[in-house]
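# Chain and residue survey
Single-letter residue listing:
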Amino acid sequence: MDLPPIEPFKKRLAELDVLMAAPDYYSDQRRTAEIGREHQKLSELIALHNRLTQMAAAIKENEGLLADPASDADLRMLAEEELVTLRVEFPKLREEVLVAMLPPDPADARNTIVEVRAGAGGDEASLFAAELGRLYTRYAEIHGWKVEPLSSSPSEAGGLKEIIFLVTGSDVYRTLKWESGVHRVQRVPVTEANGRIHTSTVTVAVLPEAQEVDIQINPDELEITVARASGPGGQGVNTTDSAVQILHKPTGTIVKCSDERSQLKNKAKAFKVLRARLLERKQEDERQKYSAQRKSQIGTGDRSERIRTYNFPQSRVTDHRVGFTAHNLPQVMEGQIDDMLAALAEAEKTEKLKALTEATA
């Protein structure tokens, strides 16, 4: 069947059976959930593999029957009919098995921190940053996810220099991870008297939420400062030193949060963003090691990569990584990006399946 061996998966399932039978299995809810998900995935894989094995045996048996001139004519006719169906279904089931064998990304099921920042283009970039922030908020609402604002920095033009928020829900990171990179907008700014099209950019970073067990932060490596919050938060925000800035000295990473009136709440949110950024650095190091062996054609995760263009005069949006183009820009800006994300997910699946089959060839 030209597949990776199933034995390691069966061995791992047996190990999980032992863990699930242990007296302390339910003592850690997070670990219990992770083991349960892995057990279910492996059980489904092995069931699919068993079906594929049975189908391969049925194809071989029917082909043997047709090759035997002494076989009964009625049986030969039934075998020929069955073979037509089996030969159509076999490659589909084989791909299902291969997909189930792909190693899962442990971050896929995590909640996600989305950071949107104005890039080149001045006021126009800040306006589009605010629009992209709204796009992702609308997308989250459509999918029943919850959005929690973490930090924002308004621009004088009424846009946003930066907006950071946490999205919680089912498979958030797996869905939104494609959005990391440079988003380019082409349109006529409202301030443009001659009707010329301007090009601006906005950068997006999609970070899986980090747990304390993922990233150990040494308090001695932090410099935490507080200041009086400023901005359009109302007078209540301006009466206390509630804004918090955290500097992680080893990496030079700086996080600021000032959206809450409470200094403690801003500090908690800042730590959440800091952990996510440090986890991203750690994962990027791993990606660099992997890409030295094999360069992904999808190109997720690189903030400097231009991934998409939004052309307002033509109502066109193009994702440059997979050549996906749609002419429904108003709907896209309302959060309707499922088709584009599906094309990216399919491209990633194809690339991973190619790597898996090449490794076993």
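One structure accompanies this document, and this report is about it. Note that the structure is predicted; figures quoted are calculated from it, not measured. (Residues numbered from 1 in each chain as written. Predicted model: local features only at pLDDT ≥ 70, side-chain atom pairs only at ≥ 80, totals over all residues. Heavy atoms only, no water.)

## Comments concerning the packing of helix H3 (residues 73–101) against helix H8 (residues 338–360)
Viewed as axis vectors pointing N to C, H3 and H8 meet at an angle of 90 degrees, and their least axial separation amounts to 10 Å. Between H3 and H8, the interaxial angle falls into the category roughly perpendicular. Along the contact surface, H3 presents Arg 94, Glu 95, Leu 98, Val 99 and Met 101, while H8 presents Lys 349, Leu 353, Leu 356 and Thr 357. Broken down by class, the residue content of the contact of H3 with H8 amounts to five nonpolar, one polar and three charged. (Axes fitted to C-alpha atoms, helices over the stretch in contact; angles between N-to-C directions. Helix = DSSP H or I, 4+ residues; strand = E, 2+ residues; numbered from the N terminus. Parallel < 35°, antiparallel > 145°, perpendicular 65-115°, else oblique. Contact = heavy atoms within 4.5 Å. Nonpolar A, V, L, I, M, F, W, Y, C, P; charged D, E, K, R; others polar.)

## Comments concerning unusual backbone geometry
Phi angles above zero are rare outside glycine, and Asp 171 is one such case at about 55 degrees. Position of Asp 171 relative to the elements: it lies in the loop between strand E3 (160–168) and helix H5 (172–176). For Asp 171, a relative accessible area of 23% translates into the label partly exposed. One non-glycine residue with positive phi stands out, namely Ser 315, at about 50 degrees. As for its position among the elements, Ser 315 is in the loop between strand E9 (306–311) and strand E10 (316–319). (Buried < 20%, exposed > 50% of the residue type's maximum accessible area, 1.4 Å probe, protein only.)

## A look at the pattern of salt bridges
Under the defined criterion, the tally for this structure stands at 22 salt bridges. Across the pair Arg 277 and Glu 115 runs a salt bridge whose closest N-O atoms are separated by 2.7 Å. Of this pair, Arg 277 sits in helix H6 (residues 263–293) while Glu 115 sits in strand E1 (residues 112–118), and the two are 162 residues apart along the sequence. Comparing Arg 277 with Glu 115 shows no difference in burial state: the two are buried. For Arg 117, the salt bridge identified is with Glu 162, shortest N-O distance 2.7 Å. Remark: Glu 162 occurs in strand E3 and Arg 117 occurs in strand E1; sequence separation between them is 45 residues. Residues joined in a network through salt bridges with shared partners are Asp 108, Lys 177, Glu 348 and Lys 352. (Salt bridge = Lys/Arg side-chain N within 4 Å of Asp/Glu carboxyl O.)

## A word on the sheet that holds strand E7 (residues 243–248)
The strands that make up a sheet are held in pairs by hydrogen bonds between backbone atoms, and each pair lies either parallel or antiparallel. In spatial order, the strands read E6-E7-E8; together these three strands make up an open sheet with antiparallel pairing. One side of each edge strand has no neighbouring strand; the edge strands of this open sheet are strand E6 (222–227) and strand E8 (253–257). Strand-to-strand, the axes of this sheet are offset by a mean angle of 15 degrees, without reference to chain direction. Relative to E8, E7 runs antiparallel, the two being bridged by five bridges. The residue of E8 that forms the bridge with Gln 245 is Lys 256. (Pairing = 2+ DSSP bridges.)

## What to know about the packing of aromatic side chains
Ring pairs (aromatic) are described by centroid distance and by the angle formed between their planes. As enumerated under the stated definition, the model contains four aromatic pairs in all. For the ring pair Tyr 25 and Tyr 26, a centre distance of 4.7 Å and an interplane angle of 70 degrees mean the geometry is edge-to-face. The exposure class of Tyr 25 is buried, given its relative accessible area of 4%. Ring plane angle 85 degrees and centroid distance 6.3 Å describe the contact between Phe 128 and Phe 312, whose orientation is recorded as edge-to-face. Remark: Phe 312 occurs in the loop between E9 and E10 and Phe 128 occurs in helix H4 (residues 123–142); sequence separation between them is 184 residues. (Phe/Tyr/Trp six-rings, centres within 6.5 Å; stacked < 30°, edge-to-face > 60°.)

## Focus on the nonpolar core
Ranked by size, the top nonpolar core spans 33 residues in total, and within it Val 114, Val 116, Leu 132, Tyr 136, Tyr 310 and Ile 337 carry the most contacts. Mapped onto this core, the elements with two or more residues apiece are E1, H4, E3, H5, strand E5 (198–208), helix H7 (329–332) and H8. Ignoring any residue separated from it by four or fewer positions in sequence, one finds Val 114 in contact with Tyr 136, Ile 163, Ile 164, Phe 165, Val 167, Leu 176, Val 204 and Ala 205. In this structure, Leu 3, Leu 16, Leu 42 and Val 97 belong to the second largest nonpolar core, which totals 25 residues. (Core = buried A, V, L, I, M, F, W, Y, C linked by side-chain atoms within 4.5 Å.)

## Some thoughts on helix H1 (residues 7–21)
Compared with the 21 Å implied by 1.5 Å per residue over 15 residues, the 21 Å span of H1 between its first and last C-alpha is a close match. Buried residues along H1 sit against helix H2 (29–67) and H3. (Expected span 1.5 Å × (residues − 1).)

## Structural notes on the sheet that holds E10
Taken together, eight strands build an open sheet; the order of strands is E2-E3-E1-E5-E4-E9-E10-E11 and the sheet is mixed. Only two strands of the sheet have a single partner each, and these edge strands are strand E2 (146–154) and strand E11 (324–326). Within this sheet the neighbouring strands show an average axis-to-axis angle of 15 degrees, counted without direction. With four bridges joining them, E9 and E10 adopt antiparallel strand pairing. If you follow Asn 311 over to E10, its bridge partner there is Arg 316.

## Considering the side chain of Glu 124
Counting through the fold element by element, Glu 124 comes out in helix H4. On the basis of relative accessible area, Glu 124 is assigned to the buried category, the value being 10%. Glu 124 has contacts with Arg 187, Pro 189 and Ser 200, leaving out every residue within four places of it along the chain.

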